[in-house]
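The lines below spell out each chain.
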Amino acid sequence: MAALRREGRRFAPLISPRPITAVRSSPFAPSHEDEDPIGVRYISTQVVRNRMKSVKNIQKITKAMKMVAASKLRAVQTKAENSRGLWQPFTALLGDLPSVDVKKSVVVTISSDKGLCGGINSTSVKISKGIHKLNSGPEKETKYVILGEKAKAQLIRDSKKDIELIITELQKNPLNHTQVSVLADEILKNVEFDALRIVFNKFHSVVSFIPTVSTVLSPEIVEREAESGGKLGDLDNYEVEGGETKGEILQNLAEFQFSCVMFNAVLENACSEQGARMSAMDSSSRNAGDMLDRLTLTYNRTRQASITTELIEIISGASALEG
Amino acid sequence: MLRRAMGLLARPIAASGARSFSTDLPAAQTADAMFVEAWNKVIPNMDPPKTPLSFMQPRPATPSSIPSKLTVNFVLPYASELATREVDMVIVPATTGQMGVLPGHVATIAELKPGVLSVHEGNETTKYFVSSGFVFIHANSFADIIAVEAAPLNQIDANLVQKGLSEFTQKLSSATTDLEKAEAQIGIDVHSALNSALTG
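Residues numbered from 1 in each chain as written. Chains lettered and ligands numbered in written order. Predicted model: local features only at pLDDT ≥ 70, side-chain atom pairs only at ≥ 80, totals over all residues. Heavy atoms only, no water.

- An unreviewed UniProt entry lists chain B under the name ATP synthase subunit delta', mitochondrial, with Hibiscus syriacus given as the organism.
- In the Subunit (unreviewed entry) part of its UniProt record, chain B is described as follows: "F-type ATPases have 2 components, CF(1) - the catalytic core - and CF(0) - the membrane proton channel. CF(1) has five subunits: alpha(3), beta(3), gamma(1), delta(1), epsilon(1). CF(0) has three main subunits: a, b and c." (UniProt positions renumbered as here; feature names shortened; annotations may be inferred.)

- As recorded by an unreviewed UniProt entry, chain A carries the name ATP synthase subunit gamma, mitochondrial and is attributed to Hibiscus syriacus.
- Quoted verbatim from the Subcellular location (unreviewed entry) field of the UniProt record, the comment on chain A reads "Mitochondrion inner membrane".

### Some details on the interface of chain A and chain B
- At the junction of the two partners, chain A supplies 50 residues and chain B supplies 50 residues.
- Roughly 4700 Å² is buried in total at the junction of chain A and chain B, and carbon and sulfur atoms are behind 70% of that figure.
- When residues of chain A are sorted by the area they lose upon contact with chain B, Leu134(A), Tyr238(A) and Glu241(A) head the list and together hold 13% of the total.
- Scanning the region where chain A abuts chain B turns up zero salt bridges.
- Inspection of the region where chain A meets chain B yields nine residue pairs in polar contact (both at pLDDT 80 or more).
- Elements represented by at least two residues in the side of chain A that touches chain B include exactly α2 (45–82), α3 (88–94), α4 (120–134), β6 (195–205), β7 (208–217), β8 (239–241) and α8 (246–322) of chain A.
- Its residues placed into classes, the side of chain A that touches chain B shows 23 nonpolar, 17 polar and 10 charged.
- Examined bridge by bridge, β8(A) and strand β5 (residues 108–112) of chain B share three bridges and lie parallel to one another. Along β5(B), the bridge assignment pairs Glu239(A) with Thr108(B). (Contact = heavy atoms within 4.5 Å. Buried area = accessible area lost by both parts, 1.4 Å probe. Salt bridge = Lys/Arg side-chain N within 4 Å of Asp/Glu carboxyl O. Polar contact = N/O pair within 3.5 Å; in protein donor to acceptor, adjacent residues only side chain to side chain. Helix = DSSP H or I, 4+ residues; strand = E, 2+ residues; numbered from the N terminus. Nonpolar A, V, L, I, M, F, W, Y, C, P; charged D, E, K, R; others polar. Pairing = 2+ DSSP bridges.)

See below:
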C-alpha cells in the first residue's frame, strides 16, 4: 500500500504560510495536484523537478551568451577606441551645431539587429523621436534612415511615412571602413538633406552607454553658417587648396566627414550592444540562480514531507496491529 | 571664434556624472546650451543626448606669437598614428602638390592625393604612404591629417607595386564602361604614386 502510494504520486503542500496538514489521499485520481477542502494545494515533486531542470538549462544558456558577448566586446572595443580619433578633427574644424536651424533634417538611427541587449535600442528610438519632434514645424521636415532591425520594428509602427531608407544585417561581416563608406555613399545619394543627425549609443564602459547625437551639415548649410558668423565664422579664414572651386572641396569634406562619423558611430553602437547584452545576460543568469535556489527548497520540503507522511502511516499502522 | 569660446568657457562636466573616456581627451565643455534648452522645452521627460563637443578636449586658442613646434594629429580609421605629437615640419601630398607645413602656417583645408607624407622631427624623418584624405591646418599651429589608409614606406613591397601597376594598366585598356575606366584610372594613379614613393 505504501509502496503503491510511493510509486503513484507524491503529495505535499505548496510554499504557503499555513502549516503542513495531513494528506488526504484519493485512490481514484492519480493527479499531480489535489485540492484539500480546507484549500491547501499540493504539488508533486515531479513538477518541481521539471521546473528545476528547465531553469538550470536557461541559466547555462544565458551564462554562455554572456561569455560570447564578452569575447565579441573585447574584439570590437579595441577597434572602437582606435577610431575615436577620427571624428575629432572634423569637430575641431567645423564645430558641432546640433541646434542648427535647417529645413530638411535626416535622423540616422543606429541600432542592433539582434535582441536581448537591454534597453539601448529603445533609448535610441526615443531620442530619434525626440529629435524628430524638435525639428518639425512649419516648413521643416525630418526623415529617418534606419540601420538595424530593432529600430525598424519600433519606428515602422508610427512613423512609416517618414522613413527613407532601412539597412539591416550590418554586422554580418566584421565592421570595416570600406563597408561603412559604401553605406554612407548610398545614404548620401538617395536622401536629400540639409543636416544629418546620427543617433547612437556611445560606449562609456561595460555598464554605461551614453546616447549621443552627432550632426553633419551639408556644404550649403556650412557656407550659410560661415557667412552669417557665429560659431562657424572662422571657416572663411581657411584657405582652400586644390580643386576648382571651394564648393567642391567642401562637398568632399562633408561626405568624408559623414563616412568617418558613421564609422565611429557604428563601432561604438556595436560595443554598446555587446556590453548591454553582457549585463542583460548576467542579470538573467543571476535571476535563474535565485529561482533555482527557491525551487530547490520547495523540492526538498516536498520530498521530506512525503517521507514523513509515509513514516507516520507505517508507524501508526504498526502500532494499530500491536494494539 | 569657436575655439576661443571653448577655451574660455571651461564649465564642469554635465551633472549626469559623465566620467571622461580613457581614450578621449578630458572634456571641459558641456553640450551646446541652446540644444539642451530646446530639447528640454519639447521633451521634458528625457535627458538630452550628448553631443561630440562634450567628448572632446577644446583646442587651444591662437597664440599671439608663432609657436616653435607644430602639433600634429595623424588619424586613420583604425588607429591614431600620431596624436598631438610635437614636430618641426610635415610635408603632405596635397592635390596641388607636396605642401610643407611649418608652425605658423596659414589656416588651410586641403584634400590629399595618393603620395608620401613625411614627418620631420629634429633629425629623424618618418615617411608614410597615404592613399587619400584631408588635412586641416589651424591657425594655432595644429595640423590634423585624416587619411583613409596609410602605411610606413618600409612596409611596402616593390614587386607587388609593379604587378599592381601592370594589372591596372591592362584593366584600363580593356575597360568598357565609364565606371570601370574610372576605377582602373584610380588604380593606376595610386600604384604609380607608390612607385615614385619607393624610388624617389
